[in-house]
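Okay, here's what each chain looks like letter by letter:
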Amino acid sequence: MSVQNINILAIESSCDETSAAVVRNGKVLSNIIATQAVHERYGGVVPELASRAHMQHIVPVVDAALNDAGINKRDVTAVAFTQSPGLIGSLLVGACFAKGYAQGLRVPLIAVHHMQAHVLAHFIENEPEFPFLCLTVSGGHTQVVLCRDYLDMEVLGETIDDAAGEAFDKVAKMLGLPYPGGPLIDKYAAQGDPLRFKFPVSEMKDFEFSFSGIKTSVLYFLQAQKKIDPDFAVHNLADICASVQFTIIKMLMAKLVKASEQLGIKHVGIAGGVSANSGLRKAIKEAGEKYGWQVYIPRFEYCTDNAAMIGITGYYKYLKGSFVDMTATPSARAIFPGYE
């Protein structure tokens, strides 16, 4: 191995995907993801089951990542892991494994903020110009982030209650769709009329979001319609999905446009699991044409939870010498320097 190579072994275990990746000098050599089908029967992620599945998956996933990258464990320069936010049991599995691996190899340990990593997923295949704006949208977070540099970010605004991804999943559950419901909403929305049903748009100050209102509105709407037609949701599934998706995307894009106009920033991206939504991807491309933005959208595999984004973040933190010791502990909800 050349002494100039920086090989980051990255571990992601914040929720229900166990992922490991190898990033060499900022380039992804491998990105392995093991999903957990056990949660489908429960309609959502069960934390204890997620932790157990991580313990089962982490060794073979790391082994596969090293093999796919074509490197030996002795070639690893540093180990990066997701420190927060996420399910504490899941985070603990990844953190403990990363600590043991780093200690055994006598290499530096790097702690990564999950949402910061979603933003830096853009730099896996692209090189956005600073400063740029990123709309990070996932099952647990919805934020507008100003990125001044790789590790210099500011959250301009976020949801005060539910995240957009959670709203998609909860509406899907109301419609009788299996978990995870967000991708199914997107699938059926493509076949429906987005203007047939009207749902309220939450008006929040500055760059804040709120999605609890649309969940309640859809619930009351379905309850009223089912009194007339018990199979209303089945008969109108595509139009309901399209109308809900249209409303949520409208709220998301309004804040992104507002931030771009106020700050005068034309380099704009989306990240997080919901950035895989075809409606949102189409909306930001259309906004790019309308407002003259340079738009950045990560590839699908880098939108959902994955270790490649942890690795790319770990690479930039390695260059800065941003390491942690063995006392570093994961946190379900924590904000670290550089992502405030």
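Data block above holds the structure.
What counts as what
Residues numbered from 1 in each chain as written. Predicted model: local features only at pLDDT ≥ 70, side-chain atom pairs only at ≥ 80, totals over all residues. Heavy atoms only, no water. Pairing = 2+ DSSP bridges. Helix = DSSP H or I, 4+ residues; strand = E, 2+ residues; numbered from the N terminus. Axes fitted to C-alpha atoms, helices over the stretch in contact; angles between N-to-C directions. Disulfide = S-S within 2.5 Å. Phe/Tyr/Trp six-rings, centres within 6.5 Å; stacked < 30°, edge-to-face > 60°. Lys NZ or Arg CZ within 6 Å of the ring centre and 35° of its normal. Buried < 20%, exposed > 50% of the residue type's maximum accessible area, 1.4 Å probe, protein only. Arc of directions from axis to C-beta. Contact = heavy atoms within 4.5 Å.

Chemist: Go over the sheet that holds strand 2 (residues 17-24) with me, naming the residues and quoting the values.
Modeler: Spatial ordering of the open sheet is given by 3-2-1-4-5, a layout of five strands whose pairing is mixed. The open sheet has two free edges, formed respectively by strand 3 (27-35) and strand 5 (109-113), since each of these has just one partner strand. Geometrically, the sheet is characterised by an average inter-axis angle of 20° between neighbouring strands, direction not taken into account. Taken together, the six bridges between strand 1 (residues 7-12) and strand 2 define a ladder with antiparallel strand orientation. Counted as the bridge partner of E12 is S19 from strand 2.

Chemist: So what's going on with the state of the cysteines? Residues and values would help.
Modeler: In the structure shown here, the tally under the stated rule is zero disulfides. Free cysteine C96: the closest other cysteine sulfur is in C15, separated by 18 Å. Left without a disulfide partner, C303 is nearest to the cysteine sulfur of C134, which lies 9.8 Å away.

Chemist: Account for the packing of aromatic side chains, with residues named and values stated.
Modeler: Under the counting rule described, the total for this entry stands at 17 aromatic pairs. Plain terms: the ring middles of Y150 and Y316 are 3.9 Å apart, the flat faces sit at 10° to each other, and that makes the pair stacked. Separated by 166 residues along the polypeptide, Y150 in the loop between strand 7 (142-149) and strand 8 (152-158) and Y316 in helix 10 (residues 307-320) bring together distant segments of the chain. Every member of this aromatic cluster is reached through a ring pair, and the members are F123, F130, F132, Y150, Y296, Y315 and Y316. Lying over the aromatic face of F207, K258 brings its terminal NZ or CZ to 5.7 Å of the ring centre. Above the ring of F300, the side-chain terminus of R281 is found at 4.1 Å from the ring centroid.

Chemist: Any chance you could break down helix 5 (residues 182-189) for me, citing the residues and the numbers?
Modeler: Every α-helical turn comprises 3.6 residues, leaving residues that sit three or four positions apart pointing alike. Every buried residue of helix 5 is listed here: G182, I185, D186 and A189. Buried residues of helix 5, viewed axially, fall in a sector of 100°; they line one side. For helix 5, the secondary structure elements touched by its buried residues are helix 4 (164-174), helix 8 (237-263) and helix 9 (278-291).

Chemist: Run through the pairing of strand 8, naming residues and quoting values.
Modeler: Across six bridges, the pairing between strand 7 and strand 8 is antiparallel. Across the sheet, C147 pairs through a bridge with M153, a residue of strand 8. Between the end of strand 7 and the start of strand 8, which pair antiparallel, lie two residues.

Chemist: Give a detailed account of the sheet that holds strand 8, specifying residues and quantitative values.
Modeler: Spatially, the five strands line up as an open sheet ordered 8-7-6-9-10, and their pairing is mixed. Where the open sheet ends on each side, the last strands, each with one partner, are strand 8 and strand 10 (294-296). Each strand axis lies, on average, 25° off the axis of its neighbour in the sheet, ignoring direction. Examined bridge by bridge, strand 6 (residues 132-137) and strand 7 share six bridges and lie antiparallel to one another. Among the inter-strand pairings, L133 is bridged to a residue of strand 7, identified as L146. Strands in contact with helix 8 are strand 6, strand 7, strand 8 and strand 9 (267-271); relative to strand 6, the strand with the most contacts, it is inclined by about 165°.

Chemist: Go over the environment of A276 with me, naming the residues and quoting the values.
Modeler: You can see A276 is positioned in the loop between strand 9 and helix 9. Sequence-wise, A276 and R299 are 23 residues apart; in three dimensions their C-alpha atoms are separated by 8.2 Å. Setting aside anything within four residues of it in sequence, one finds A276 in contact with D186, R281, F300 and C303.

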